[in-house]
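Commentary on secondary and tertiary structure
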Amino acid sequence: FCLMAAPGKVAAFRLPPLPTIGEIIKLFRLKALKQLSQNFLLDLRLTDKIVKQAGELKNAHVCEVGPGPGGITRSILSTGVEQLLLIEKDARFIPGLQMLSEAAPGKVHIVHGDILTYKMEKAFPKHLKKNWEDDPPDIHIIGNLPFSVSTPLIIKWLENVSKRDGPFVYGRTQMTLTFQKEVGERLTANPGSNQRSRLSIMAQHLCTVENCFVIPGQAFVPKPEVDVAVVHFTPLVQPKIQQPFELVEKVVQSVFQFRRKYCFRGIETLFPENGRLKRTEQLMMTANVDPTLRPFQLSMSQFRNLCNAYRKMCDEDPSLFVFNYREELRQKKTTRSLLGSTGQPEQTEEENQM
């Protein structure tokens with residue numbers, strides 16, 4: 001690699017001449033696998049634009065998730081990062097990434113592994129750690145994620161944010177990731193929006209979430225049926241709901257269980273059949289939430305009130321938190337079938353929806 005700089009200016013990192021991403025794909029006979037929901041981004045202007053959303057990367061430590069043939073990887077290296085960790089599950093891409101590694105000696109570390117199981121808390125040098133209250137550390141996670149992994153992965157990382165573990169043991173590590181456009185809209189949806197969902201609350205109560213821009217599907221190879229959103233996350237110093245991740249997730253999932261019905265219908269699923277109505281009314285009164293609002297109309301402060309009130313009820317009756325509505329439905333169904341279906345009611349609408 002060469003370092004070129006005008007007198008008096010900081011040297012900028014330049015990759016030596018390399019085959020284009022298209023040539024790399026031909027050279028190593030790479031093909032996007034539909035079953036892995038892979039899509040390649042070949043336009044380096046777009047990969048540069050994605051990387052720009054991450055902010056200042058000069059001398060930073062970056063983890064790129066699922067680099068594939070290495071388009072975004074080149075854009076990251078061109079910013080002059082200190083270290084770049086590549087985590088790639090598909091062995092077919094490793095030779096092409098090794099070519100990039102050789103072009104940037106000492107900068108790139110390639111891991112052939114699954115990001116869902118990779119231990120991120122050991123991924124970066126300890127000296128980069130910052131206090132949670134400080135500015136974010138000089139660590140960034142960037143990735144053009146396969147659609148099949150993007151939602152489970154962001155939920156896992158949001159749980160890591162809540163517990164300050166995984167990549168967040170270093171502080172408020174920032175993330176710049178791609179999602180299906182619809183998922184990007186859910187992540188950033190405001191109260192009242194039809195896209196408002198469980199994902200909106202879980203992301204926004206823990207992070208500042210910014211929908212940066214949309215990449216048209218035709219920019220990818222092969223072209224997906226949807227457009228792609230680039231979303232930037234910065235963990236908040238204080239979460240908007242100060243309760244354990246599992247409790248918030250349970251309340252939010254329950255509320256959105258029946259998203260087209262009044263919110264009290266979903267909240268009922270937090271409680272066993274015996275005393276369900278009374279406890280639902282008690283929770284909604286304590287939280288001061290109108291039971292006739294639809295789930296997508298609830299504000300963050302209303303979700304916070306619901307979580308706080310539910311926590312209080314769980315503290316008073318610990319069996320509440322382990323109650324599982326789906327399990328109750330299954331048991332009722334099993335009991336019915338054991339008794340014989342004669343004279344028994346048909347499956348309820350709730351069971352069908354579950």
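Thresholds applied
Residues numbered from 1 in each chain as written. Predicted model: local features only at pLDDT ≥ 70, side-chain atom pairs only at ≥ 80, totals over all residues. Heavy atoms only, no water. UniProt positions renumbered as here; feature names shortened; annotations may be inferred. Axes fitted to C-alpha atoms, helices over the stretch in contact; angles between N-to-C directions. Helix = DSSP H or I, 4+ residues; strand = E, 2+ residues; numbered from the N terminus. Parallel < 35°, antiparallel > 145°, perpendicular 65-115°, else oblique. Left-handed = near helix turned anticlockwise from the far one by under 90°. Contact = heavy atoms within 4.5 Å. Phe/Tyr/Trp six-rings, centres within 6.5 Å; stacked < 30°, edge-to-face > 60°. Buried < 20%, exposed > 50% of the residue type's maximum accessible area, 1.4 Å probe, protein only. Nonpolar A, V, L, I, M, F, W, Y, C, P; charged D, E, K, R; others polar.

Looking at an unreviewed UniProt entry, one finds the protein chain named rRNA adenine N(6)-methyltransferase, with Callaeas wilsoni as its source organism. Its UniProt record gives the protein chain a comment under Sequence similarities (unreviewed entry), which states: "Belongs to the class I-like SAM-binding methyltransferase superfamily. rRNA adenine N(6)-methyltransferase family. KsgA subfamily."

**A word on the packing of helix H10 (residues 276–287) against helix H11 (residues 300–316)**
Direction vectors running N to C along H10 and H11 enclose 130°, while the axes themselves pass 8 Å from each other. Classified by the angle between their axes, H10 and H11 sit oblique to one another. As H10 runs across H11, the sense of the crossing is right-handed. Contact residues: Arg279, Gln282, Leu283, Thr286 and Ala287 in H10; Asn305, Leu306, Ala309, Tyr310 and Met313 in H11.

**Considering the side chain of Thr234**
Looking at the secondary structure, you find Thr234 in strand E11 (residues 228–235). The residues touching Thr234, leaving out its near neighbours within four places in the chain, are Pro136, Arg172, Gln174, Cys207 and Thr208.

**What to know about unusual backbone geometry**
For residues other than glycine, phi is negative in most cases, and the peptide bonds are mostly trans. Non-glycine residue Asn59 carries a positive phi angle of around 65°. Of note, Asn59 is situated in the loop between helix H2 (44–52) and strand E4 (61–65). One non-glycine residue, Asn288, adopts positive backbone phi at about 55°. The topology assignment puts Asn288 in the loop between H10 and H11.

**A short note on the packing of aromatic side chains**
For the coordinates displayed, the defined rule picks out 5 aromatic pairs. Between Phe124 and Tyr170, the ring centres sit 5.4 Å apart and the planes meet at 85°, which makes this aromatic pair edge-to-face. Here Phe124, found in the loop between strand E6 (108–112) and strand E7 (139–143), pairs with Tyr170, found in the loop between helix H5 (147–163) and strand E8 (174–180); they are 46 residues apart in sequence, far enough to count as distant. Tyr170 matches Phe124 in its accessibility class, with the two residues each being buried. Ring centres of Phe256 and Phe303 lie 5.9 Å apart, and the angle between their planes is 15°; on these two criteria the pair is classed as stacked. Of the two residues, Phe256 is situated in the loop between helix H8 (245–255) and helix H9 (263–267) and Phe303 in helix H11; the sequence distance between them amounts to 47 residues. Across the pair, exposure class does not vary: Phe256 and Phe303 are buried alike.

**A closer look at the packing of H5 against H8**
Between H5 and H8, the least distance of the axes is 10 Å, while the angle of their chain directions is 135°. By the angle between their axes, H5 is oblique relative to H8. Judged by residue contacts, Ile155, Leu158, Glu159, Ser162 and Lys163 of H5 engage Phe245, Glu246 and Glu249 from H8. A breakdown of the residues in the contact of H5 with H8 according to their chemical character gives 3 nonpolar, 1 polar and 4 charged.

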